[in-house]
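Letter by letter, the chains look like this.
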2 protein chains.
Amino acid sequence: MMDWTIGVVLTGVLGIVFAIWKAMFIKKQEPGNEKMVKIGKAISEGAMAFLKREYYYLGIFVVLIAVLIGIFISHFTAIAFVFGALFSAIAGFVGMKISVLANLRTANAAREGLTKALTIAFSSGNVMGFTVASLGLIGLAVLFRMFGNADQIDILSGFAMGASSIALFARVGGGIYTKGADVGADLVGKVEQGIPEDDPRNPAVIADNVGDNVGDIAGMGADLYESYVGSMVATMTLAFFSPELFKTEAAVYNAALLPLIIAAAGLISSLVSTFFVKTSDPKKVHSTLSNGLMISSVISIVAFYFILNNMFDKDVAWKLFFSVISGLIAGFMIGKITEYYTDSHYGPTQSIAKSSQTGAATNIISGLANGMYSCGFPVIIVCGVIYVAYSNAGLYGIALSAIGMLATTAMTVSVDAYGPVADNAGGIAEMSGLPSDVRKITDKLDSVGNTTAAIGKGFAISSAAVTALALFSSYTQKVEITALDISQPNVLIGLFIGAMLPFIFCAITMKAVGKTAESMIIEVRRQFKEITGIMEGKADPQYGKCVDIATKESLKLMILPGVAAVVIPVLVGMWDKYTLGGLLVGTMVSSFLLAIFMANAGGSWDNAKKFIEEGNHGGKGSEAHKAAVVGDTVGDPFKDTSGPSLNILMKLMSIVALVFAALFK
Amino acid sequence: MMDWTIGVVLTGVLGIVFAIWKAMFIKKQEPGNEKMVKIGKAISEGAMAFLKREYYYLGIFVVLIAVLIGIFISHFTAIAFVFGALFSAIAGFVGMKISVLANLRTANAAREGLTKALTIAFSSGNVMGFTVASLGLIGLAVLFRMFGNADQIDILSGFAMGASSIALFARVGGGIYTKGADVGADLVGKVEQGIPEDDPRNPAVIADNVGDNVGDIAGMGADLYESYVGSMVATMTLAFFSPELFKTEAAVYNAALLPLIIAAAGLISSLVSTFFVKTSDPKKVHSTLSNGLMISSVISIVAFYFILNNMFDKDVAWKLFFSVISGLIAGFMIGKITEYYTDSHYGPTQSIAKSSQTGAATNIISGLANGMYSCGFPVIIVCGVIYVAYSNAGLYGIALSAIGMLATTAMTVSVDAYGPVADNAGGIAEMSGLPSDVRKITDKLDSVGNTTAAIGKGFAISSAAVTALALFSSYTQKVEITALDISQPNVLIGLFIGAMLPFIFCAITMKAVGKTAESMIIEVRRQFKEITGIMEGKADPQYGKCVDIATKESLKLMILPGVAAVVIPVLVGMWDKYTLGGLLVGTMVSSFLLAIFMANAGGSWDNAKKFIEEGNHGGKGSEAHKAAVVGDTVGDPFKDTSGPSLNILMKLMSIVALVFAALFK
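Being a predicted model, the structure only gives us computed values, none of them experimental. (Residues numbered from 1 in each chain as written. Chains lettered and ligands numbered in written order. Predicted model: local features only at pLDDT ≥ 70, side-chain atom pairs only at ≥ 80, totals over all residues. Heavy atoms only, no water.)

Draft legend 1. Summary view of the overall build of chain A. Check the secondary structure of chain A and you find 19 helices and 0 strands. A compact globule built from 665 residues should have a C-alpha radius of gyration of about 26 Å, and chain A, at 24 Å, falls within 12% of that. With the principal axes as the frame, chain A shows a C-alpha extent of 75 × 50 × 45 Å. Sequence-distant contacts in chain A: of pairs separated by 6 or more residues, those separated by 24 or more amount to 85%. Each charge class in chain A can be summarised by its mean position, and for the 47 positive and 49 negative side chains these summaries are 3 Å apart. (Helix = DSSP H or I, 4+ residues; strand = E, 2+ residues; numbered from the N terminus. Rg over C-alpha atoms; globule rule 2.2 N^0.38 Å. Contact = heavy atoms within 4.5 Å. Lys, Arg positive; Asp, Glu negative; His and termini not counted. Charge placed at Lys NZ, Arg CZ, Asp CG, Glu CD.)

Draft legend 2. A look at the pattern of salt bridges. Under the definition given, this model contains 51 salt bridges over all chains. In this structure, the salt-bridge partner of B:Glu45 is B:Lys41, at a minimum N-O distance of 3.5 Å. Residue B:Glu45 and its partner B:Lys41 are both found in helix 2 (residues 34–72); the two are separated by 4 residues, about one turn of the helix. Residue B:Glu430 is joined to B:Arg439 by a salt bridge in which the shortest nitrogen-to-oxygen separation is 2.9 Å. If you follow the salt bridges from partner to partner, you end up with A:Lys179, A:Asp182, A:Lys457, A:Asp606, A:Lys610, A:Asp636, A:Lys639 and A:Asp640 in one network. (Salt bridge = Lys/Arg side-chain N within 4 Å of Asp/Glu carboxyl O.)

Draft legend 3. Main features of the interface of chain B and chain A. Opposite the 59 residues of chain B that make contact, chain A presents 58 residues. Contact with chain A buries surface across chain B, with B:Met372, B:Phe496 and B:Phe503 losing the most and accounting together for 14% of the total. Linking chain B with chain A are 0 salt bridges. If you look at where chain B meets chain A, you find 4 residue pairs in polar contact (both at pLDDT 80 or more). Take the side of chain B that touches chain A: its biggest share by element is 15 residues, from helix 15 (residues 489–530) of chain B. Class assignment for the residues of the side of chain B that touches chain A results in 50 nonpolar, 7 polar and 2 charged. (Buried area = accessible area lost by both parts, 1.4 Å probe. Polar contact = N/O pair within 3.5 Å; in protein donor to acceptor, adjacent residues only side chain to side chain. Nonpolar A, V, L, I, M, F, W, Y, C, P; charged D, E, K, R; others polar.)

Draft legend 4. Local environment of empty space enclosed by the protein. What the rule picks out here adds up to 12 cavities of 30 Å³ or more. Quantified by volume, the largest cavity comes out at close to 120 Å³. Lining the largest cavity are 16 residues, with A:Ala499, A:Val589, A:Ser590, B:Ala499 and B:Ser590 sitting closest to its centre. Of all the secondary structure elements, the ones that give two or more residues to the lining of the largest cavity are helix 15 (489–530) and helix 18 (577–613) of chain A together with helix 15 and helix 18 (577–613) of chain B. Here the residues of the lining of the largest cavity are counted per class, giving 12 nonpolar, 4 polar and no charged. Put simply, the second largest cavity is a space of about 80 Å³. In terms of lining, the second largest cavity is formed by 14 residues, of which the most central are A:Ser88, A:Gly92, A:Ile166, A:Ala218 and A:Ala222. Elements supplying a minimum of two residues to the lining of the second largest cavity: helix 2 (34–72), helix 3 (75–109), helix 4 (114–147), helix 5 (155–193) and helix 6 (205–239) of chain A. Among the elements that line the lining of the second largest cavity, the one with the most residues is helix 6 of chain A, at 4 residues. (1 Å grid on protein atoms, 1.4 Å probe; cavity = no way out; pocket = protein on both sides within 12 Å on 5 of 7 lines; lining within 4 Å. Points joined across faces, edges and corners; volume = space filled by probe spheres on them.)

Draft legend 5. Just the packing of aromatic side chains, in detail. Summed over the entire model, instances satisfying the criterion amount to 49 aromatic pairs over all chains. Look at B:Trp318 and B:Phe321: their rings are 5.7 Å apart centre to centre, the planes differ by 85 degrees, and that puts the pair in the edge-to-face class. Taken together, the residues span about one helical turn, with B:Trp318 and B:Phe321 both in helix 9 (residues 314–342) at a distance of 3 residues. Under the relative-accessibility criterion, B:Phe321 is labelled buried at 10%. Ring-pair connections join several aromatic residues into one group, and the members of that group are A:Tyr305, A:Phe306, A:Trp318, A:Phe321 and A:Phe322. (Phe/Tyr/Trp six-rings, centres within 6.5 Å; stacked < 30°, edge-to-face > 60°. Buried < 20%, exposed > 50% of the residue type's maximum accessible area, 1.4 Å probe, protein only.)

Draft legend 6. Structural view of the relation of the copies chain B and chain A. Expressed as a screw transformation, the operator carrying chain B onto chain A has a rotation angle of 180 degrees and an axial translation of 0.0 Å, and the superposed copies differ by an RMSD of 0.0 Å. Overall, the copies show the geometry of a two-fold rotation axis. No C-alpha of chain B approaches the rotation axis more nearly than that of B:Asp485, which lies at 2.3 Å. (Least-squares fit on C-alpha atoms with pLDDT ≥ 70 in both.)

Draft legend 7. Examining unusual backbone geometry more closely. All names here are of chain B. In the Ramachandran plot, Glu480 falls in the positive-phi region, its phi being about 60 degrees despite a non-glycine side chain. Considering the arrangement of structural elements, one finds Glu480 in the loop between helix 14 (436–478) and helix 15. Notably, His617 is not glycine yet its phi reads approximately 50 degrees, a positive angle.

As structure tokens, this is what we get:
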């Protein structure tokens, strides 16, 4: 048995080596001409300035929480918490550092053609994806080696809560930052001064670029890392509460170990599949990425079959197999559904574009209705997973389905993080005045990136939901809730309040984007007024100031919702553990629905605008286009700030409940 | 004991007499000049054409459902169902008939001054309010006299389901009609032809006017009638399941009778308070209406105290008293909170107006965020009611709190239905070219009406939520669910799907408004093209055609969601009664949150636009105003179609579950 955990750690090390190899590959590429290097330096400095300040606040937050955990729960849990946070912070740092390098090099490589540009952008995704998965795997395997028994397994939940804390800062703070900077830059640059997007004369342009790295790469990475780690911890915990399924001590141990083994197999499958992502045909960029995901899934399924039959009796193995693959298939299906509702090749987005012809109001109504419609199938699919997984393997099965969904996280993050790199490469090509055929290649990569980003969002939401569900199930077992009776007023009150919190959370984060944008606007206006020669390109704007203001604002504005997400479950739990149970379910259901609604409404508005820009309904500059721009702007905080923040909310609240369970008994 | 039910019936008769007296008062007022009478006739014909077609579809629907109930449940229940529907249909017919008369007479009376105009508009509200309450009371009292025992009390749920069916048509069909006509009229009239609102040259203008009567008066009336009747039936049912509270047979009988007595007392209090609604000072219109509501509440509270002490032992009486007044106070508080979030005297709406300066997108984001924020306190208040009512008197207490909230329904509907009458009076004044000082008076009445309408919406939503909760509680008792364990997958799946349904329901109704508006636009364009001389005022447009098209479209488009709301609970319940329990809770919580979000976002967009029109941020015609118009248009289906439809969804699904409970055991 000892061999297994060592095997998992070695797999993690292999992943790290792969990530280093990819990082070195990126580093040795040509960064481009002098102007590009200068821009790249500004973005890099901005990104690091954001991370530095974020990690400063994070440091304080982590130390405070660690002390509380140390006092009220246990020292080991506190230490695990610190390591969970630290590993995620390292993954975020590495991912950002490399993606900033890759931005530049992708733009430069696009001068030579598509193949190399795609390879560099995708390699940057690999660095993020494999660092995230490998560090999660190594951390949990080591902790499991030390504390993998019924009495000490709780300690591992500290690690998951550490991951959640970073995700909170990266997703919520990063989300506010990226959209605040984006909206601020657009309103002064495009609207007031009439200069194009990505124009280096705009003082906020670097902040906007930094935001893409901060929000879309580091934020998504931390979010999936949290799901990855959280679902494993939940599964391990539930292994010790499933006596009807695992009858011997050895079987229980294997069940607790299983998530690590499955995740390790998923990591190797992901690694193999990366070698299939290669094309020189612009039309095949999307399909080659999809195939990569598909290959990693197929290899995983085969591996799962052999692993389960090796570790468990045949009948149990089949039950677990169905649970695992139900999650994997569900993740895939929800991705496809997201694509249907947000891609301009399909009816829903086209009908939003069509309704833009009668103005902004009909565009908005149409987008909101589309987002609401799109909640239907994902809910049914998640219910299907709950049904299949539970009827096969009880609560443990539900948790295991989350593992199945997240096993190929390394590949999912790779595909997802590739998009923003391509997007930024386009921005750099624009800013540094590269020829228009370069921009065409980056645009092609970017447009595929938009679709993969939308799919990634759907995947992130559903994995967050099943992870939250798994963590909630662990919570009920830990606090010995045998029945959570919703017809009792205490549970019902919890449910009502829990369902209400995501609405308030969204309201706060949407307002925060507005406030951050406002501060940016004031600063940009000041620079245009006080620094003479910006508009003529004779004087450089102070990019750093804008980065700094957006950083300060966004991190300041995330403190209130962040603290609330940690404090509320603890207070409610101390009042009544059943109310807390209701609260967690309410938040989970409501967050899931709102997150899908917001992500898909936002995604389809964005693509409806692009569809019009391709020349439909009057094309760029038409009345329909103006209306579509309104939808796109509303969609920005929807899909990149408020929506994704709900992923964190539902997981963080559940993990806090699990970590502090000892206080609620 | 027999005396009590006779007393209740007599109270109902008193209410009817009062309504007839008020109707005769309205009828004998001067209808105005020839032009006004002509317009009034067109509106009246349009409204009756809508009702006729609506009642035709309704007739088919009611007969079909009655047959099903007769076959699967019982003949008596089927008969009660038919009467419940019939009484609501009569109330709707009478209310519409009178409000159409009152539109004209209010406009004409405004030529002489405020006092009389207010009296007429408010009297019209009285007719609707007292007809609704009295018919509900009489119907239930007679049925209770016949079937008020443990074995037959189920029959009364048929009456409530009848009320629900009408509410479905009136609120959903009416809601689609009113906003489809409104948006269609505006887009062609204001935007394409550049003629003002309420211009008689616009062929859709009468349809728009009819819509205000159909949606805002008949819809609201049917909605509150449904809550009124539904909460009484739920309370009666629960009286037979509360042995710890009501220990003797006499006490149980009194407990089942109690909702009728309380409602009768509320009716009398409402009647008394109407005499206090009178003012000649334009500044006091709002306060005189508020005072009316306050007076009816205070009288009711005193009456409740004596009633309860007369009917129950002292300790039980106190417990019931706290339950009743918790609902009454909550309804009042939620009204006030709604006012805060939607009235332009307060920060939230002003900040939406402010953010309109930076364009439509920021106006939309700001309005959505405001709507989401506004969910906080109503949820906490409802949770407070659940806590107080349950801890005093269990599930029976929760149902009783709904009775407390709804006891003064006659007065609430009066205040609420007054608004659209004033609004239409303004429209008629405009269309018939009355002098501008007349319009000033109707505008003042209308602006107060907007606030009372917003408050009424908040009240309708919260009363729908507590009614749904009471019906759900009765359902759990009827099907003998002792614990509805949400950590079980079947319940959880129900919860997820239940919470998702309101999103789909909103999407469908929003799209339906768009489609109806589209059909209207095509027809209006046709008339402008084919009928020469419309624009010069030389030829009359074919108003009837527009009314007809909007009627057909809206009723056609409500069939799918309407049937789904009835069929889904039955199918789910036949599969598993626990899943249905989860489904009902999910729908209730999610509907409540979405309904508040949509009503308050819509209300605040509307008033932000009006705030700008008063001269703020550049006033009418400014860029800020244009942006605010976008928000107002998005808000229309939010607050008048999709949001209110959710009130019906949550109640209808619960009442269907209760009526068909016998099939699920």
